[in-house]
Amino acid sequence: MKYYSTNGNAPIADLHKAVVKGLAEDRGLYMPERIQKLPKEFFDNIQDMTFQEIAYNVASAFFGEDVDLDALKDIVYDTLSFDCPVEKVKENIYTLELFHGPTLAFKDVGARFMARLLQYFIKQEGKGEQVNVLVATSGDTGSAVANGFLGVDGIHVYVLYPKGKVSPIQECQFTTLGKNITAIEVDGVFDDCQALVKNAFMDAELNQHMKLTSANSINVARFLPQAFYYFNAYARMKAQGKADNLVMCVPSGNFGNICAALFGHEMGLPIKRFIAANNANDIFYKYLQTGKYEPKPSKQTLANAMDVGDPSNFARIYDLYGKSHEKITSLISGATYSDEDICETMKQCYEETKYVLDPHGACGYQALVDGLKDGEVGVFCETAHPAKFKEKVDDILGIDVEIPDRLAAFMKGEKQSVPMTKDFADFKKYLMKQ
Ligand SMILES: *Cc1c(COP(=O)(O)O)cnc(C)c1O
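Notes on the structure in this doc start here. Model, not experiment: these values are computed from the prediction. (Residues numbered from 1 in each chain as written. Predicted model: local features only at pLDDT ≥ 70, side-chain atom pairs only at ≥ 80, totals over all residues. Heavy atoms only, no water.)

## Some details on the packing of aromatic side chains
Thinking step 1. According to the stated counting rule, one finds 20 aromatic pairs in the structure shown.
Thinking step 2. Both rings, one in Phe43 and one in Phe231, keep their centres 6.3 Å apart while their planes meet at 20°; by these two values the pair is stacked. Of this pair, Phe43 sits in helix H2 (residues 40-45) while Phe231 sits in helix H11 (residues 227-239), and the two are 188 residues apart along the sequence.
Thinking step 3. Between the aromatic rings of Tyr293 and Phe314, the centroid separation amounts to 4.1 Å while the plane-to-plane angle is 10°, which identifies the pairing as stacked. Placement of the pair is Tyr293 in the loop between helix H13 (283-290) and helix H14 (314-320) and Phe314 in helix H14, with a sequence separation of 21 residues. (Phe/Tyr/Trp six-rings, centres within 6.5 Å; stacked < 30°, edge-to-face > 60°. Helix = DSSP H or I, 4+ residues; strand = E, 2+ residues; numbered from the N terminus.)

## Some words on the pattern of salt bridges
Thinking step 1. Tallied over the entire structure, the rule returns 20 salt bridges.
Thinking step 2. Here Arg112 and Asp78 are joined by a salt bridge, their closest N and O atoms 2.9 Å apart. Pair noted here: Arg112 is in helix H5 (residues 107-125) and Asp78 is in helix H4 (residues 69-79), with a separation of 34 residues, a long-range link.
Thinking step 3. Classification of Asp78 by relative accessible area gives partly exposed; the value is 26%.
Thinking step 4. One salt bridge in this structure joins Lys296 and Asp282, with 3.7 Å as the shortest N-O distance. Here the residue Lys296 occupies a position in the loop between H13 and H14, and Asp282 occupies one in the loop between strand E11 (273-278) and H13, the gap between them amounting to 14 residues.
Thinking step 5. Salt bridges here are not isolated pairs; linked through shared partners, they connect Asp74, Asp78, Arg112 and Arg116. (Salt bridge = Lys/Arg side-chain N within 4 Å of Asp/Glu carboxyl O. Buried < 20%, exposed > 50% of the residue type's maximum accessible area, 1.4 Å probe, protein only.)

## Things to note about the sheet that holds strand E12 (residues 332-336)
Thinking step 1. Read from one edge to the other, the open sheet built from 6 strands follows the order E4-E5-E13-E10-E11-E12, with strand pairing classed as mixed. Strands at the two margins of the open sheet, each flanked by one partner only, are strand E4 (86-90) and E12. Strand-to-strand twist of the sheet, defined as the mean angle between neighbouring strand axes without regard to direction, takes the value 25°.
Thinking step 2. Sheet topology places strand E5 (residues 93-97) next to strand E13 (residues 377-382); 5 bridges connect them, and they run parallel. (Pairing = 2+ DSSP bridges. Axes fitted to C-alpha atoms, helices over the stretch in contact; angles between N-to-C directions.)

## Some thoughts on the nonpolar core
Thinking step 1. Formed by 109 residues in total, the largest nonpolar core has its most connected members in Phe63, Leu96, Phe149 and Phe231.
Thinking step 2. In terms of residues, this core owes the most to one element, H5, which gives 10 residues.
Thinking step 3. Apart from the residues within four sequence positions on either side, Phe149 is in contact with Ala111, Met114, Ala115, Leu118, Val133, Ile155, Val157, Asn180, Ile181 and Ala215.
Thinking step 4. Counting residues in each nonpolar core, the second largest holds 32 residues, with Ile342, Tyr365, Ala387 and Val393 among its members. (Core = buried A, V, L, I, M, F, W, Y, C linked by side-chain atoms within 4.5 Å. Contact = heavy atoms within 4.5 Å.)

## Considerations on unusual backbone geometry
Thinking step 1. A positive phi angle, near 60°, is found at Leu104, a position not held by glycine.
Thinking step 2. Relative to the assigned elements, Leu104 resides in the loop between E5 and H5.
Thinking step 3. Here Leu104 falls in the buried class, since its relative accessible area comes to 3%.

## Focus: helix H8 (residues 190-202)
Thinking step 1. Between its first and last C-alpha, H8 extends 19 Å over 13 residues, near the 18 Å set by a 1.5 Å rise per residue.
Thinking step 2. Residues of H8 that are buried: Cys193, Leu196, Val197 and Ala200. Mapping the buried residues of H8 onto a view down its axis gives an arc of 95°, with all of them on the same face. Relative to its buried face, H8 has exposed residues pointing more than 90 degrees away, namely Asp191 and Met202.
Thinking step 3. Residues of H8 that are buried make contact with strand E6 (131-136), strand E7 (155-162), strand E8 (181-186), helix H9 (204-209), strand E9 (211-214) and helix H20 (424-432). (Expected span 1.5 Å × (residues − 1). Arc of directions from axis to C-beta.)

## Focus on the site of the ligand
Thinking step 1. The local shell around the ligand holds 15 residues, among which Lys107, Gly253, Asn254, Phe255 and Thr383 are the closest.
Thinking step 2. Side-chain polar atom of Lys107 to an oxygen atom of the ligand: 2.5 Å apart, as the coordinates give it.
Thinking step 3. Calculation on the ligand without its partners gives an accessible area of 380 Å², and the protein chains cover 95% of this total.
Thinking step 4. Residue classes in the shell around the ligand are distributed as 6 nonpolar, 7 polar and 2 charged. (Near = heavy atom within 4 Å. Polar contact = N/O pair within 3.5 Å; in protein donor to acceptor, adjacent residues only side chain to side chain. Areas by Shrake-Rupley, 256 points an atom, 1.4 Å probe, with all protein chains shown as cover. Nonpolar A, V, L, I, M, F, W, Y, C, P; charged D, E, K, R; others polar.)

## Observations regarding the packing of H4 against H5
Thinking step 1. At a minimum axis separation of 9 Å, H4 and H5 run at an interaxial angle of 150°. Regarding the angle of H4 to H5, the classification is roughly antiparallel. Classified by chirality, the crossing of H5 by H4 is right-handed. Listed contacts from H5 to Ala71, Leu72, Asp74, Ile75, Val76, Asp78 and Thr79 of H4 are Val109, Arg112, Phe113, Arg116, Leu117 and Tyr120.
Thinking step 2. The residue inventory of the contact of H4 with H5, partitioned by class, reads 8 nonpolar, 1 polar and 4 charged. (Parallel < 35°, antiparallel > 145°, perpendicular 65-115°, else oblique. Left-handed = near helix turned anticlockwise from the far one by under 90°.)

## A look at the side chain of Thr95
Thinking step 1. Counting through the fold element by element, Thr95 comes out in strand E5.
Thinking step 2. Separated by 3.2 Å, the side chains of Thr95 and Tyr355 make a polar contact.
Thinking step 3. Those residues in contact with Thr95 that lie beyond four places of it in its chain are Pro85, Val86, Glu87, Val89, Tyr355, Phe380 and Glu382.

## A few points about the side chain of Ser143
Thinking step 1. Structurally, the position occupied by Ser143 is in helix H6 (residues 140-149).
Thinking step 2. Setting aside residues no more than four positions away along its own chain, Ser143 makes contact with Thr103, Gln173 and Phe174.

## Focus: a negative patch on the surface
Thinking step 1. There is a patch of like negative charges on the surface, built from Glu340, Asp341, Glu344, Glu351 and Asp370.
Thinking step 2. Top element by residues in the negative patch is helix H16 (residues 339-353). It accounts for 4 residues.
Thinking step 3. Along the chain, the position of Glu340 falls in helix H16.
Thinking step 4. Given a relative accessible area of 68%, Glu340 falls into the exposed group. (Patch = residues over 30% accessible without salt bridge, like charges linked within 9 Å, V, L, I, M, F, W, Y side chains within 5 Å. Lys, Arg positive; Asp, Glu negative; His and termini not counted. Charge placed at Lys NZ, Arg CZ, Asp CG, Glu CD.)

In C-alpha cells:
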C-alpha cells in the first residue's frame, strides 16, 4: 500500500516510511491510497468472532500487503491482550469502554501497535541500529506511549514532560518503568517540551549521532488500529440483535479516534451515522454548521484530553470525503458541551443509571441523549476510566471512585527521571552522550 500526503506536495511513501517519519515532508498527514472493503462473509460472521480475530481481519486489509501475515497476527494479538466491552447504560444507549488497556487509556492500542510495527521494520532493515523515540507529553500520551514501547527491543523512548504540571498518577505511569524508557523532567511548560523535541529532529549533528523518530498521534500506525474498536462494538451489538440502526458517538479532541471509525465505515462497517462530541472546544462543531474550518487557541475544560483548538485529523476527514461539506454533514453530526453541562450530565446519568461517567465520556453520552432519533440505537465511547480523573469525579458525584489495581500498581514504583532545563543546548548535550 502506498500513502500520500493530505497536503499533496510530498512524495508517495510506503508503510515503512510513513511509520518512521510520521508526518510527510510537506507537513501533511499520510493517507492510504485505497481503503479495501471487507467481504460480506466477514460481516455475516462477525458476531461469533473474538476481538482479536476481528482486529486481525481489519489489520490485514490495511497492512497485509506490507507486513508478513504471521508477524501481523502476532502484533495484533499482542496489542489486544484485554477486553473491550459494550454495556447497556439505559434504553437504546450503550457504552463502549475503551479504557481496559495497560494504562487504562484508549491510546494504548495505537501506541502498542506502533511500537511493534516499528520493531518489525527495524528488524527487517537488519542493521541492528537502535531507534530513539522522542515524545513530549502533557500527561496521557506519555503514559500510553511509554507503556506501549516498554520492553520492545531495539527502541529507546525519551518522554519529555513539564515538571509539576502532570498529575501524580500520570507521572508514575512513565517515570517508574525503567528498562528502555527514560523520563525527562523539563523545567518548563508543555510547549517547551514540544520545542525541545522539534529542535532535536531538526539538528543535523544529533541526527548523525542517533536515529530519531516520533510517536506522534497522527502516525498512521497509531491512529488506524483504533478502527478495531468499532468493528468489535458492532459485533457485540449484533450479537444482541441491536446493530441495525447504530449511531456511533465519539468524544473527540484531535479526531484520531473518530477518524479511525470513519475508515472502518469506508471498509463497509454498517454504522448508520456518527456523532463527534466536543467539550467547549467547538471548532469541528462550527465547521459542520458553517462549512468554515477556523482553528482557535484551545480552551481549558474538565475534559482536558479534548482541549484541542486545531484538531490535526480534520485534514484526514476532509480528504476522506473529497473536501465535501455536504458528504461530511450527511454522515457526521456534532455536539458541544460546557463544563457546566458536563457536570450536570455526570450527575443525571449517575442518579438515573448508577453508571459513572468521566468528563470525556459525559460529552458522548449527552450527545446521544440529545441527538438519538426514533428507531436508532446509540453507542458512545467511554474514553477514560473515571479513576483517572478521580478528584473531579469524586467531587462532582460525591462518591469515592475505586482505583483499579493496575493504576494503583504504578503508584508503588520508584520515580526515576532526568532533570532538564528548557534550553535545547542542554538537551542536545545529554542526548549526544547517550
Ligand atoms: C485522547 C483522548 C480523547 C480524544 O481522542 P482524539 O482521538 O484525539 O479525538 C478523548 N478522551 C480521552 C480520555 C483521551 O485521552
